[in-house]
Each structure stands twice: as structure tokens, then as C-alpha cells.
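# Fold and geometry: a report
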Amino acid sequence: MRGEESEGPEPFSYEDYPKNRGTPLFFIEKTETIMSNENKSIHEFDLELICEYFSNLERQGPGSPEVTIKALSFIDNLNDSSLIADIGCGSGGQTMVLAQHAPGTITGIDLFPVFIDQFNQNAARLNLTDRVKGIVGSMDNLPFADEEFDLMWSEGAIYNIGFERGLNEWRKFLKTGGYVAVSEVSWFTEERPAEIEEFWMDAYPEIDTISNKVAQLQKAGYVPVATFVLPENCWTEHFYAPQVKAQEVFLEKYAGNKSAVEFIANQRHETQLYYKYKEYYGYVFYIGKKL
């Protein structure tokens with residue numbers, strides 16, 4: 001990785017979250033919602049326990065290999081010397097797909113060490129360690145140089161610092177003509193039922209319509225290149241279905257643990273809301289080119 005030398009990340013503590021934000025974990029925003037509704041703090045949920053749960057899943061949020069490849073098809077500036085950053089990479093499911101379908105060197109960064117450990121193990125298993133590396137770090141303080149990257153990628157993670165803030169702050173790390181590609185939860189309609197409106201406004205007040213998100217992308221200094229809605233199976237087949245067995249195993253292991261029981265109840269509630277209101281919201285990929 002080019003740029004300034006780094007002494008490595010500071011020692012990690014789960015108590016630092018959400019101060020040191022930078023994870024793709026879809027569960028965090030929902031957990032905050034449940035906790036706030038019960039007048040609790042996010043710190044009252046055992047984040048280490050929750051990380052263990054998601055470390056047993058291939059994906060930490062909605063998406064699919066097909067969607068990653070489709071988004072990549074709109075990027076036309078990559079070659080063997082290109083540098084790519086995957087922000088909030090999690091265990092690297094999408095990063096490995098990127099590496100298998102795009103040239104260049106990829107740096108994945110995430111707040112949680114358990115996911116970076118898995119990320120690097122996945123890279124080794126796929127013989128990608130010569131050009132794919134995961135590091136622990138925060139979205140609030142990315143250890144990159146100005147105009148270092150040809151592509152900044154982030155699937156389901158930019159919400160941690162907010163869509164507009166992320167687009168504006170990450171722009172400096174891109175070369176002129178470089179691309180940003182992010183997936184972001186968005187409204188499909190101008191109006192929606194109160195139950196799902198309240199749920200998402202509590203979880204992520206920056207949720208907005210697709211047209212407004214594109215306007216924010218353009219305002220941040222990018223030419224909008226492509227926008228597309230992630231298919232329903234990114235939620236059902238690739239995110240929710242694998243959790244059914246994982247939840248059973250998790251609850252059996254932590255029988256009687258109130259935090260574990262509440263967390264799984266939260267996950268199941270979120271799943272029910274998606275099936276009930278999926279025509280009103282979902283994830284959308286936004287791809288822009290730096291002017």
C-alpha cells in the first residue's frame with residue numbers, strides 16, 4: 001500500500017464502538033434501534049457475542065457474488081497496477097469476489113479484528129495473499145494517502161459514518177477518474193407505512209429515496225455512472241436463510257443468556273419486517289466517477 005508509513009492500529013476494545021466506527025455489520029443499526037426502544041445503550045448488548053454470531057456467516061449483510069460482479073462491470077479503469085480499497089470489508093466475502101474478477105491489489109479494512117482474521121484466512125485459502133490484504137482500522141481515520149486508489153468499494157457499510165459523509169471524505173483518497181461503488185439502504189417509494197418508516201428512521205435517519213441519494217452522489221463531486229436495486233434474493237437467500245441454522249446453534253450454545261436471546265429476537269423481527277415491507281425499501285448500488 002502506498003502512502004505514509006503506519007505503526008499499526010491502536011489496541012482494539014469493543015467499548016470503543018461506535019466511536020471507532022468502520023464495520024459492515026448490518027446488525028449494528030438494528031441493535032441500536034432495539035436498545036433505544038428499551039432505553040438501553042448499545043454497550044449493554046455484548047458486541048463480542050454478536051460478532052461471534054456473524055463470524056459464523058459468510059455474509060454480514062445483504063448481497064451476492066452476482067451483484068458484486070454486476071457492480072464491478074461498470075468500472076472501466078482497472079489494470080494490474082490498480083489499487084482498490086474495500087471499506088468495512090467484514091470477513092471479505094465480496095472482496096474475494098472482487099479479487100477473482102478484477103485486476104489490481106485490494107486492501108480491506110474493518111473495525112473488528114475477528115473479521116480481519118477471517119478475511120486474511122479467506123485470502124490465503126484462495127491463494128490471493130499476494131494482492132489481497134485485510135487490516136484493522138476505522139472509517140473515521142482511514143490510513144490512506146490522498147489520491148491513492150483507483151476504486152473505493154463498500155458493500156452495506158457506508159451507513160456507519162453516513163452516505164454523504166462517506167462520499168465526501170473518501171473522495172480525497174481517489175485518483176481523478178477513480179470510482180466509488182457502495183451499496184446503501186434506500187426507499188423505493190416516496191411514502192411508506194408508519195411501522196417501517198419508524199423502524200428505519202430510528203435505525204438510520206439518513207435513509208432516503210434513490211433519486212435523492214443520486215443527487216447526494218453528484219453533489220459530492222462524482223459523475224453518477226450506475227444505480228441498481230439489489231435483487232430480493234440478496235436478502236432472503238444470501239443473508240436471512242443462512243441465519244436460520246446459525247440462530248439455532250447460537251441459542252443452544254448460549255441457552256439462558258438474555259443478551260443472546262434478545263439479539264436473536266431482534267434478528268427475527270427484522271426478517272419479518274423485510275418480508276412484510278420489502279416493496280418499500282432495499283439495498284441499492286451507487287457507482288460514481290470522481291471528477
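See above for the structure.
This report concerns the structure included in the present document. (Residues numbered from 1 in each chain as written. Predicted model: local features only at pLDDT ≥ 70, side-chain atom pairs only at ≥ 80, totals over all residues. Heavy atoms only, no water.)

## Side note on the environment of Gly-288
- Along the chain, the position of Gly-288 falls in strand S7 (residues 281–290).
- On the accessibility criterion, Gly-288 (0% relative accessible area) is buried.
- Sequence separation of Gly-288 and Val-223 is 65 residues, and the distance between their C-alpha atoms is 5.3 Å.
- Contacts of Gly-288, omitting those with residues within four sequence positions, involve Gly-178, Tyr-179, Val-180, Leu-217, Tyr-222, Val-223, Pro-224 and Val-225. (Helix = DSSP H or I, 4+ residues; strand = E, 2+ residues; numbered from the N terminus. Buried < 20%, exposed > 50% of the residue type's maximum accessible area, 1.4 Å probe, protein only. Contact = heavy atoms within 4.5 Å.)

## Some thoughts on the layout of surface pockets
- Roughly 370 Å³ of internal volume is contained in the second largest pocket.
- In this structure, the second largest pocket is lined by 22 residues; those nearest its centre are Glu-58, Arg-59, Gly-92, Gly-93 and Gln-94.
- Looking at the lining of the second largest pocket, the elements that each hand over two or more residues are helix H3 (65–72), helix H4 (93–101), helix H5 (113–125) and helix H9 (233–253).
- Element by element, the count of residues in the lining of the second largest pocket is highest for H4, at five residues.
- Taken together, the residues of the lining of the second largest pocket break down into seven nonpolar, twelve polar and three charged. (1 Å grid on protein atoms, 1.4 Å probe; cavity = no way out; pocket = protein on both sides within 12 Å on 5 of 7 lines; lining within 4 Å. Points joined across faces, edges and corners; volume = space filled by probe spheres on them. Nonpolar A, V, L, I, M, F, W, Y, C, P; charged D, E, K, R; others polar.)

## Description of the sheet that holds strand S1 (residues 83–87)
- What the seven strands build is an open sheet, ordered S3-S2-S1-S4-S5-S7-S6; its pairing is mixed. Looking at strand neighbours, the two that pair on one side only are strand S3 (132–136) and strand S6 (222–229), the edges of this open sheet. Neighbour-to-neighbour, the strand axes of this sheet turn through a mean angle of 20 degrees, independent of strand direction.
- Pairing between strand S2 (residues 105–110) and S3: five bridges, direction parallel. Paired with Thr-107 across the bridge in S3 is Lys-133.
- On top of the sheet, helix H8 (residues 210–219) reaches strand S5 (174–187), S6 and S7; it is set at about 155 degrees to S6, its chief contact. (Pairing = 2+ DSSP bridges. Axes fitted to C-alpha atoms, helices over the stretch in contact; angles between N-to-C directions.)

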